[in-house]
Amino acid sequence: MKAHIKLGFDGGQQGCTGHGRCVVMAGEPFEVDDNGYNLHRGGSIEVPPGLEEAARYGAKVCPERAILIEE
Ligand code: SF4
């Protein structure tokens, strides 16, 4: 059974502050705008199958703890 994971960017301790580290360190499924802010901040996305580990890693390296994983 596949893991059901969502990324929330509105429930972290401080929220996304635009480091861009998630996409640099973990790649997909993260996307940032030209200023380094996560495109999905304030919302959530469904993680594509096979990218669950990348999602978990991105959450781990986010310095603001702005990425929440729901499984
Ligand atoms: S690592 Fe965290 S603070 Fe930096 S862009 Fe990604 S979600 Fe935002």
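Above this text sits the structure in question.
Residues numbered from 1 in each chain as written. Predicted model: local features only at pLDDT ≥ 70, side-chain atom pairs only at ≥ 80, totals over all residues. Heavy atoms only, no water.

Novice: I'd love a proper account of empty space enclosed by the protein, names of residues and values included.
Specialist: For the coordinates displayed, the defined rule picks out 1 cavity of 30 Å³ or more. In this model, the largest cavity occupies a volume close to 110 Å³. Together, 16 residues line the largest cavity, and Cys16, His19, Gly20, Cys22 and Cys62 are the ones closest to its centre. Taken together, the residues of the lining of the largest cavity break down into 9 nonpolar, 6 polar and 1 charged. (1 Å grid on protein atoms, 1.4 Å probe; cavity = no way out; pocket = protein on both sides within 12 Å on 5 of 7 lines; lining within 4 Å. Points joined across faces, edges and corners; volume = space filled by probe spheres on them. Nonpolar A, V, L, I, M, F, W, Y, C, P; charged D, E, K, R; others polar.)

Novice: Summarise the pattern of salt bridges; cite the residues concerned and give the values.
Specialist: A complete count under the given rule lists 3 salt bridges for this structure. A salt bridge links Arg41 to Asp33; the shortest N-O distance between them is 3.7 Å. For Arg41, a relative accessible area of 41% corresponds to the partly exposed category. Arg56 is the salt-bridge partner of Glu71, the closest N and O atoms lying 2.9 Å from each other. Here the residue Glu71 occupies a position in the segment after β3 (68-70), and Arg56 occupies one in helix α2 (residues 52-61), the gap between them amounting to 15 residues. A single network of salt bridges, built from pairs that share partners, joins Glu53, Arg56 and Glu71. (Salt bridge = Lys/Arg side-chain N within 4 Å of Asp/Glu carboxyl O. Buried < 20%, exposed > 50% of the residue type's maximum accessible area, 1.4 Å probe, protein only. Helix = DSSP H or I, 4+ residues; strand = E, 2+ residues; numbered from the N terminus.)

Novice: Break down the nonpolar core for me, with residues and values.
Specialist: By size, the foremost hydrophobic cluster in this structure holds 13 residues, and its most contacted members are Leu7, Phe30, Val47 and Ile67. Sorting the residues of this core by element identifies α1 (21-26) and α2 as the ones contributing at least two each. (Core = buried A, V, L, I, M, F, W, Y, C linked by side-chain atoms within 4.5 Å.)

Novice: Residues and numbers for the site of the ligand, please.
Specialist: Near the ligand, the surroundings consist of 12 residues, among which Cys16, Gly20, Cys22, Gly36 and Cys62 are the closest. When atom positions are compared with the pocket grids, the ligand is found to occupy the largest cavity. Taken together, the residues of the shell around the ligand sort by class into 6 nonpolar, 4 polar and 2 charged. (Near = heavy atom within 4 Å. Sits in = over half its atoms within 2 Å of the grid points.)

Novice: Lay out unusual backbone geometry in plain terms, naming residues and giving numbers.
Specialist: With an omega dihedral of 10°, the bond running from Glu28 to Pro29 counts as a cis peptide bond. With respect to the element layout, Pro29 can be found in the loop between α1 and β2 (44-46).

Novice: Account for α2, with residues named and values stated.
Specialist: Listed as buried for α2 are Glu52, Ala54, Ala55, Gly58, Ala59 and Val61. Looking at the packing, one finds that the buried side of α2 touches β1 (6-8), α1 and β3. (Contact = heavy atoms within 4.5 Å.)

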